[in-house]
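Here is how the chains run, residue by residue.
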Amino acid sequence: MPLTFTAAGKTVKIVKVKGKDDTVRFLQNLGFVEGEPVAVISENAGGLIVRIKDGRVAISKEMACRILVA
Amino acid sequence: MNIRIALAGNPNSGKTTLFNALTGSNQYTGNWPGVTVEKKEGKLKGYGKGETTVTVVDLPGIYSLSPYTLEEVVSRKYLLEEKPEAIVNIVDGTNLERNLYLTTQLKETGIPMVTAVNMMDLVRKNKEELNLAQMEKDLGCPVVEISALKEEGIDRLIETAVSVAKKAEPSHRLVFDEKLESVISAIEKKLGGLLPQNNPDWYAIKVFERDEKVVEQLCLTASLKQEIDAYISSVEKEYDDDSESIITSARYHQIETMIHDCYVKRNRQSDSISDRIDRVVTNRILALPIFALVMFLVYYVSVTTVGSILTDFVNDTLFGEWILPSASAALESIGCAEWLNGLVVEGIIGGVGAVLGFVPQIFVLYLFLAVLEDCGYMARIAFIMDRIFRRFGLSGKSFIPMLIGTGCGVPAIMASRTIEQDRDRRMTIMTTTFIPCSAKLPIIALIAGALFDGAAWVAPSAYFTGIVAIVTSGIILKKTRLFAGDPSPFVMELPDYHIPSVKNVFHSVWERGSSFVKKAGTIILLSTIIVWFMQAFGFENGVFTMVEDMNNSILAMAGNCIAWIFTPLGWGDWKAAAAAVTGLVAKENVVGTFGVLYGFGEVAEDGMELWGTLSSEFTAFSGFSFLVFNLLCAPCFAAMGAIAREMNSAMWFWIAIGYQTLLAYACSLCIYQVGTWITTGVFTLGTVIAGIAIIGFIYLLIRPERKVA
Ligand SMILES: Nc1nc2c(ncn2[C@@H]2O[C@H](COP(=O)(O)OP(=O)(O)OP(=O)(O)O)[C@@H](O)[C@H]2O)c(=O)[nH]1
Ligand SMILES: [Mg+2]
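Since we're looking at a predicted model, the values are computed, not measured.

Section: empty space enclosed by the protein
Residue and element names in this part refer to chain B.
So, point 1. Using the criterion set out here, one finds 4 cavities of 30 Å³ or more in the structure.
So, point 2. There is about 200 Å³ of room inside the largest cavity.
So, point 3. Forming the boundary of the largest cavity are 18 residues, of which Pro33, Gly34, Glu71, Lys397 and Thr418 lie nearest the centre.
So, point 4. Of all the secondary structure elements, the ones that give two or more residues to the lining of the largest cavity are α2 (70-82) and β9 (491-493).
So, point 5. The element best represented in the lining of the largest cavity is β9, accounting for 3 residues.
So, point 6. Per-class residue counts for the lining of the largest cavity are 9 nonpolar, 4 polar and 5 charged.
So, point 7. Looking at the lining of the largest cavity, you find at least three residues from each of domain 1 (2-167) and domain 3 (291-702).
So, point 8. Considering only enclosed or pocket space, the second largest cavity measures out at about 50 Å³ in volume.
So, point 9. Looking at the second largest cavity, the residues that line it are Thr29, Gly30, Ala370, Glu373, Asp374, Asn504, Val505, Ser508 and Arg512.
So, point 10. For the lining of the second largest cavity, the elements supplying multiple residues, two or more each, are α16 (359-375) and α23 (502-536).
So, point 11. The element that contributes the greatest number of residues to the lining of the second largest cavity is α23, accounting for 4 residues.

Some words on the confidence of the model for chain B
Residue and element names in this part refer to chain B.
So, point 1. Confidence along chain B averages 88 in pLDDT terms, with 96% of residues attaining 70 or more.
So, point 2. Here residues 601-609 is modelled with pLDDT under 50, and outside its nearest four sequence neighbours on either side it reaches 7 contacts, counting other chains as well.
So, point 3. Of the two predicted TM-score estimates for the complex, the pTM is 0.90 and the ipTM is 0.96.

Some thoughts on the coordination of the magnesium ion (ligand 2)
All names here are of chain B.
So, point 1. With distances of 1.9 to 2.0 Å, the protein atoms coordinating the magnesium ion (ligand 2) are Thr16 (OG1) and Thr36 (OG1). With a gap of 20 residues between them, threonine 16 in helix α1 (residues 15-23) and threonine 36 in the loop between α1 and β2 (40-43) connect regions that are remote in the sequence.
So, point 2. Here threonine 36 falls in the buried class, since its relative accessible area comes to 15%.

Focus on the interface of chain B and chain A
So, point 1. Opposite the 41 residues of chain B that make contact, chain A presents 34 residues.
So, point 2. Both sides of the chain B and chain A interface together cover about 3200 Å² of buried area, and 53% of this is carbon and sulfur.
So, point 3. Interface area lost by chain B to chain A is led by B:Tyr68, B:Phe383 and B:Val491, which between them contribute 19%.
So, point 4. Where chain B meets chain A, there are 7 salt bridges.
So, point 5. Between B:Asp278 and A:Arg56 there is a salt bridge, with the nearest N and O atoms lying 3.9 Å from each other.
So, point 6. At the surface where chain B touches chain A, the tally comes to 17 residue pairs in polar contact (both at pLDDT 80 or more).
So, point 7. Among the elements of the structure, α3 (96-108), α11 (243-262), α12 (273-281), α17 (377-391) and β9 of chain B are those that each provide at least two residues to the side of chain B that touches chain A.
So, point 8. With 6 residues, the top contributor of residues to the side of chain B that touches chain A is α11(B).

Notes on the nonpolar core
All names here are of chain B.
So, point 1. Within the largest apolar cluster, 128 residues are counted, with the highest numbers of intra-cluster contacts made by Tyr377, Trp571, Phe594 and Phe626.
So, point 2. Broken down by element, the residue count for this core peaks at 10 residues, all from α17.
So, point 3. Ignoring anything within four residues of it in the chain, the contact list for phenylalanine 626 reads Ile447, Trp571, Ala576, Ala579, Ala580, Val590, Phe594 and Phe618.
So, point 4. Listed in part, the 32 residues of the second largest apolar core include Ala8, Leu79, Val91 and Tyr263.

Quick look at the sheet that holds strand β2 (residues 37-43) of chain A
So, point 1. Taken together, 6 strands build an open sheet; the order of strands is β5(A)-β1(A)-β2(A)-β3(A)-β4(A)-β9(B) and the sheet is antiparallel. Single-partner strands in this sheet number two, and they are β5 (67-69) of chain A together with β9 of chain B. Averaged over all pairs of adjacent strands, the angle between strand axes in this sheet comes to 40 degrees, irrespective of strand direction.
So, point 2. Judged from the 6 bridges that link them, strand β3 (residues 47-52) of chain A and strand β4 (residues 55-60) of chain A form a sheet pairing that is antiparallel. Of the residues in β4(A), the one forming a bridge with A:Ile52 is A:Gly55.
So, point 3. With respect to the sheet, helix α1 (residues 22-29) of chain A is in contact with β1 (11-17), β4 and β5 of chain A together with β9 of chain B, its orientation differing from that of β9(B) by roughly 25 degrees.

Conventions used here
Residues numbered from 1 in each chain as written. Chains lettered and ligands numbered in written order. Predicted model: local features only at pLDDT ≥ 70, side-chain atom pairs only at ≥ 80, totals over all residues. Heavy atoms only, no water. 1 Å grid on protein atoms, 1.4 Å probe; cavity = no way out; pocket = protein on both sides within 12 Å on 5 of 7 lines; lining within 4 Å. Points joined across faces, edges and corners; volume = space filled by probe spheres on them. Helix = DSSP H or I, 4+ residues; strand = E, 2+ residues; numbered from the N terminus. Nonpolar A, V, L, I, M, F, W, Y, C, P; charged D, E, K, R; others polar. Domains from an automatic or database assignment. pLDDT = per-residue confidence, 0-100. Contact = heavy atoms within 4.5 Å. Donors = N, O, S within 2.8 Å, 3.2 Å for Na, K, Ca; no water. Buried < 20%, exposed > 50% of the residue type's maximum accessible area, 1.4 Å probe, protein only. Buried area = accessible area lost by both parts, 1.4 Å probe. Salt bridge = Lys/Arg side-chain N within 4 Å of Asp/Glu carboxyl O. Polar contact = N/O pair within 3.5 Å; in protein donor to acceptor, adjacent residues only side chain to side chain. Core = buried A, V, L, I, M, F, W, Y, C linked by side-chain atoms within 4.5 Å. Pairing = 2+ DSSP bridges. Axes fitted to C-alpha atoms, helices over the stretch in contact; angles between N-to-C directions.

Next up, the structure:
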């Protein structure tokens, strides 16, 4: 399911980042790779704040939809 | 021998802080990713051992050697093309895993390298531990612990870096698993002698990743290219992933194993203070009110309250009552020539003094900006504003240049490099100077004080005008062919909040504030001297002489040549026209020129209220029209230069300047014409044209969007 369905406070594992453009590559460089745990810290109208590795990343809803997690 | 040491690392890992510590310079730091956008060189401080000199190079932060935004291209280019003698790889110790990802790539370049684990003060505070010996072994390069902010470990780092550079021993890449290694050697075999002998592996990996630049560089024949492509595709099929992701995962895998045996990580609190603050300041409902409140406070305090109390003191008391009369008296008492007295008192003190009077306000503004920049809120602002800006076709990242632009337009225009998409970047460059910079502050304060009796709404209205101009420009421009299309999806790292360091804030305020003062002492001084001579001399009764009536001066002649252009805007007087034109050199000149033409000279004679005569030559609407024109029109030469550099195209430069000037003219026209019509009922051709402009503007705003193919 897309990352947008994950409730704040939950940790899930990344299955795939859909698409193949510069933004996806950028996300992968930031650590959004297959099997990596990602925790949703908070959610607001614009998007999500998530924790990946030890970093905190803000992503828009639109992009979060393309991150598939399980 | 000169050794170049490049500082490379992730954004916000502390490279510039280290650079400042090493070179004693005062470069721009801040707590958000993407502060540095251009490389900067400096001489290593206190290093003069014999023949060797050391140059330190600060680079923009990068997440990988495959650049995403423009400033990252700068770093990749420098590292790969200029090949420094050594790299100091700055790694943020509180986020080791992600930071080491870049380290694995830097090691592949073959450039001798030292890894500096920065932010050790925070790592220790978290009670985490690093096994340096193990890390050195795993990474295959020296590792030094430092804290750039506290200047700890810096000497050791430099010693190590210099010795590594002198040894010139190339760094080696980390090995992948067997399967991937065989793929890489297969590619090397296929490419045979084509790969540069000094570092074939790096090229092979890049070819595998389908790095366009490298593939181009290698000039492969069509058939060889096809063969390689087919091979990569077959590997991709086997892995069920694209080649780039395969490498990315493999790198992260290398790091995981490494971290495992050299880093004792404590179970961090899952809910840090920063997370809790974020929950409030990025909250669905609260985010915007909080942001609006912060912004209001910043500008209200710096422009209207504290700043203006100080400024009034400097203007009225310091210059008006103390310096001016005493300077005038002193010059008279030593029997100084009348013209020289005029030049010094009316020209220099009047002009430069009018500008210097705003120094307190500008320092207060810079103080707030420095705190905002160093605490970590900037990145959040970009995130919060993204949702809104997207509707106007801009990305939230455009807001960072705009905030920086309240200080100075030049770094603001450069800061737009962090915006991924060219069209959004260009639009940000075009619109960011609509936000009043610190040099426009004196114009705002002057108009507010002299024409509106210091009304509290004038200063906020100037910022409001800037924001409305940006938003409407966004909407209008997005509907044209040049800018159509959506901005890239928002992705940005959010740093931890921290209490701004006194040192950083002080440096930043000092650096920028003093450059304002310096500018007053150089460009503004020169301009006011020229303006004074031009207004003091001219033709009277057919001879060139010092004029009795300013209206006969050269400046009046020159001003009158262009003043007609501004007549429809309500200020077709040569003095206002001259002020606006000198404003192109530097915006402070608008006030400086008025200072020479109207200002302190009067005060000295009759002690009348400051700027008394100025108000008699403007109405409320022509005054506001003058203000808006100067806020929106083409910025100063320095900022125009920045626009030209960043646009990197003559056509785009002229589009930007043309658009700004046109918009400024149209807005001022409408304000003056419509305002005059409503208040006095005078209806002229100008009113008709203003009406047409308004209708045209509304049409451009609401016309249907162009569909992008
Ligand atoms: N606690 C702590 N903070 C640090 C240290 N070094 C840097 N910082 C802070 O980290 C933030 C980022 O520092 P910069 O030097 O601007 O980072 P940079 O790597 O140049 O960032 P970019 O130019 O965006 O790539 C600033 O707020 C610094 O005060 C350190 O050793 N300890
Ligand atoms: Mg920097």
